[in-house]
Every structure is written in C-alpha cells, then in structure tokens.
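The chain contents come next:
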Amino acid sequence: MDKNISFTLKIWRQNGPKEKGHFDTFQMKDIPGDTSFLEMLDILNEQLVSEGKEPVVFDHDCREGICGMCSLYINGHPHGPATGATTCQIYMRRFQDGDTITVEPWRSAGFPVIKDLMVDRSAFDKIMQAGGYVSVRTGAPQNANAILIPKPIADEAMDAASCIGCGACVAACKNGSAMLFVSAKVSQLNLLPQGKPEALKRAKAMLAKMDELGFGNCTNTRACEAECPKCVSITNIARLNRDFIRAKLKD
Amino acid sequence: MADGYFVLPYTIQNYLADQITVPRFSTDLPEFAEAEKAVQDKIDHLMSIHGKESVDSIHKKLGHIMWEYVGMGRTEEGLKEGLAKLKEIRKEFETNLFIPGSKEGMNVELDKAIRLNDFITMGELIAYDALNRNESCGGHFREEYQTEEGEAKRDDENYFYVSCWEYQGTDEKAPVLYKEPLVYEAIKVQTRNYKS
C-alpha cells in the first residue's frame, strides 16, 4: 500500500480559445499514492462541484493508455514525468508529499484551448483525412498472408502504428511541429505493400495539410521523441522526408 | 469486448462506402428542428433542477445498483428490487441533480448528465429484459434456473426468441416487448457442454 500524500495543484483555467487564462491553486489532502493522475483530478472535481464551483475541464477516455485522449502538461512535461506513459498511466506515488504540481494544457497554435486543460486536436483528424488511409474496395477481406511482408518491415510498420495521435509531440516541440505524428502515420502505411501505391501522394498531401493548419517544421531537437508516450522514433521523420523528396522529384 | 474494439459485420461497410455520395441532409428539415428542440428542452430542464447531487455521485449509485441486483447472477426477487431502486435513482436524478456552470459553451457536467440519463434508461431496459426471461441463457445466470450440477438451465420451450423492447416515449412507462422467434434450419440447437 502506498502512503497518502498532500500537495498543491496549480491548474490552468481558461474559458475559451480567445479568453485570457490564469492559474488556480488547490490544496489536495491525503491523496492515496495508488490514485492515478486523472482519478486525482476526478477527486478535485467532485470537491469543486460539491462546493457549487465549475470543475476543471480535461480530456480523457480509455484511461489505459491507448486512446490518445488524455493530454496535460505536468510540471513542464507532456504526459508528465514518466517515460513511455500517458497522463492516465501516471500514479500519484511518483510525487512527493508537499510538492507543487503545475498542470497546463497542450500549448500550440495548432491546438486552440476549448476550456481549461482541453484543447481542440481536430487538426490531426484533418491531416489524417488528407491521406492517412489506404483506398480499397470494401467487402470481404482476403486471406491472411496472401501478401507476404518481411518480418522486419512488419515490425517497423507496427512501431510506427503505435502512435496514438495524442499530440504530445506538438506540445513538446519549440516549433509546434506535428512531424513526429505525421511521419508515424505516413510510415505505418508507406512501409506496407498495401500502402505503396499511394505512398508519395500521401506524404505530400499530409505534409501540405500539416503546414496549412499552422504546425511548424521539424527542428531536429528530438524533444518529440523524448516525450512521446509511445516512444515513436524520429527515424520516421527521416523516412517521411525521403518520401517527400521522392514525391517532389517526380513532380 | 466492451473496450473499444469493434468489428463491423460485412454488410455495414459496403453500405457506409456508398453513403459518401449521398448529399448532406439540410438542417432546415422539420425533423431536424424537432430533434433540436427536444435536445434543447432536455438541456433546459436539466439545468433548471438546481439540486444537490453531482452527476458522478448519482452515476456511482446507479453502478452499485446494477452490480448488486442486475449483475452476472440475478434472481427474480433481486431484479424487482433493482427496478424499484432504479426508479428511485431516476427520481433523484430528476429532482436533486446539480450541474454547475451554464449551458452556453463547453460544460462537461451537462454532457455527463445527458449520458447518465441514457444510462438509467439502459439499466432499466436490462433489468426488464432479465426479468422477462425465466431461464439462464448466455453469459448471465438466473439463479432460480440451474441444473442439479449448478449449470445454466435454458428454457427453449418458452424463451426461444430475440427480445426487442419499444421505448414508450417517456421513462415513466415500461417498454413494450416484441418477440422475434429464433428459427434454425440447418442446425439442431443444443446445450453447450464442456464436460463430456
């Protein structure tokens, strides 16, 4: 059993994308160490509602690290202090009694704040709609292994596909670049035979959409890779750049 | 799995693929105006309750009732008690719900309240259906209906149908049951047995 801790929360409050935001401070008392970070916010919100106040708005869904909905900049890190874990997988035992924990939303031009800690990440959906798919006829699937794929390629595609589209890469980047996300989504398809016919078109279309929506370009800082909850590698960015150059040369 | 892994039946994606060519419906249609007004009225009503209980606390109580009385193992007596308790929860939701903030802009408590309203209706539906079926069938166990060895005892004589319940437009009225008989032509229906 983990021991209980008491700490101070500094949480960003903001009413809308154009409103001026500020930090609210809350004292949390006797929170069990095995409370998850989001459960801790649930406790805070239940407290706020019981006092007739508005709860802190934050995104969440599966709470098991696969949906990509939870976000939160905790003490200066997207998804908090853990490596290879989302905010929902962080437990309060990581923090010390008496700590001050600062919680902010993703801050990037591409992700306007909806309210408090919730940001609008629909830009990622628009990038996916620009080319993050394989055009096929619908109907019954073919037999498994009808198309042979070498194991190392399948593994690489699978690693790229582990991206959950949470946007931590954008939040971590000093240039607000979505290159790690775009490159992972392009790679998971371009590496596989089914994705090859549209590979170059895809790389170009998704990058163009990324630029159009106000995301910056890659700075080679690798902050995205360091903060990615799924440890997606920037090798994908190099692959995306090669696909992009090939596409441009073909034009 | 109730965990977000959904598999589409083959007919649906073929249907959906064609939908891309169907033009968007106009929001000027009378059906749209009616649906929008119904949602607006619901929101106005929820915001006007001004009670004391948060959405989450009522949701938690609902969860305990479902777990206790409408769980994996259920009995006629328990289901009846559960239904009575669900009515109490509905009353508490309707009279003692508290939603902070306003209905303008993002309000997650209002969002949750609208869903909780559906969860209560869904909970009642499950209880009604479980009560209707005097047999142990599928993943659930009506404790009165078991074999001497404690296995699930199905009653194909009386319950060989798929249930469809019609909502009566209000949560106050019990839904109406329609039965679709199960007809198997190629196979003989048997009891599953892992023992022999």
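Residues numbered from 1 in each chain as written. Chains lettered and ligands numbered in written order. Predicted model: local features only at pLDDT ≥ 70, side-chain atom pairs only at ≥ 80, totals over all residues.

Side note on the overall build of chain A
Secondary structure summary: chain A contains eight helices and seven strands in total. If one aligns the C-alpha atoms of chain A with their principal axes, the spans along those axes are about 60 × 40 × 35 Å. Counting all 251 residues of chain A, 39% fall into the buried class. When contacts within chain A are restricted to residue pairs at least 6 apart in sequence, long-range pairs at least 24 apart make up 70% of them. (Helix = DSSP H or I, 4+ residues; strand = E, 2+ residues; numbered from the N terminus. Buried ≥ 20, exposed ≤ 12 C-beta atoms within 10 Å, placed from the backbone. Contact = placed C-beta atoms within 7 Å.)

What to know about the domain arrangement of chain A
All names here are of chain A. Taken as a whole, chain A is organised into domain 1 (4–114) and domain 2 (122–250). Each of domain 1 and domain 2 was reduced to a C-alpha centroid, and the two centroids are 29 Å apart. Counting from both sides, the interface comprises 17 residues of domain 1 and, opposite them, 17 residues of domain 2. For the side of domain 1 that touches domain 2, the class distribution of residues is eight nonpolar, eight polar and one charged. (Domains from an automatic or database assignment. Nonpolar A, V, L, I, M, F, W, Y, C, P; charged D, E, K, R; others polar.)

Overview of the packing of helix α2 (residues 30–47) of chain B against helix α5 (residues 108–132) of chain B
All names here are of chain B. Viewed as axis vectors pointing N to C, α2 and α5 meet at an angle of 110°, and their least axial separation amounts to 11 Å. Judged by the angle between their axes, α2 and α5 are roughly perpendicular. Contact residues: α2 offers K42, I43, L46 and M47, while α5 offers L110, A113 and I114. A class-by-class count of the residues in the contact of α2 with α5 yields six nonpolar, no polar and one charged. (Axes fitted to C-alpha atoms, helices over the stretch in contact; angles between N-to-C directions. Parallel < 35°, antiparallel > 145°, perpendicular 65-115°, else oblique.)

Observations regarding the sheet that holds strand β5 (residues 100–104) of chain A
All names here are of chain A. The five strands are arranged β2-β1-β5-β3-β4 in an open sheet whose pairing can be described as mixed. The open sheet is flanked by β2 (22–32) and β4 (77–78), the only strands paired with a single partner. Of the pairings in the sheet, the one linking strand β3 (residues 73–74) to β5 comprises two bridges and is antiparallel in character. Counterpart to I74 in the pairing with β5 is V103. (Pairing = 2+ DSSP bridges.)

Thoughts on unusual backbone geometry
All names here are of chain A. Positive phi values are uncommon outside glycine, yet N75 reaches one of about 45°. Residue class for N75 comes out partly exposed when judged on the 14 C-beta atoms lying within 10 Å of it. The phi angle at H79 is positive, at roughly 65°, despite the residue not being glycine. Tracing the backbone shows H79 in the loop between β4 and β5. Residue H79 is classed as buried on the basis of its C-beta count, with 27 C-beta atoms lying within 10 Å.

Concerning the interface of chain B and chain A
Bring the parts together and some accessible area is lost; that lost area is often taken as the interface size. Between chain B and chain A, the contact holds 14 residues from the first and 15 residues from the second. Contributing elements (two or more residues each) for the side of chain B that touches chain A: α1 (10–19) and α5 of chain B. If one sorts the elements of the side of chain B that touches chain A by residue count, α1(B) sits on top with four residues.

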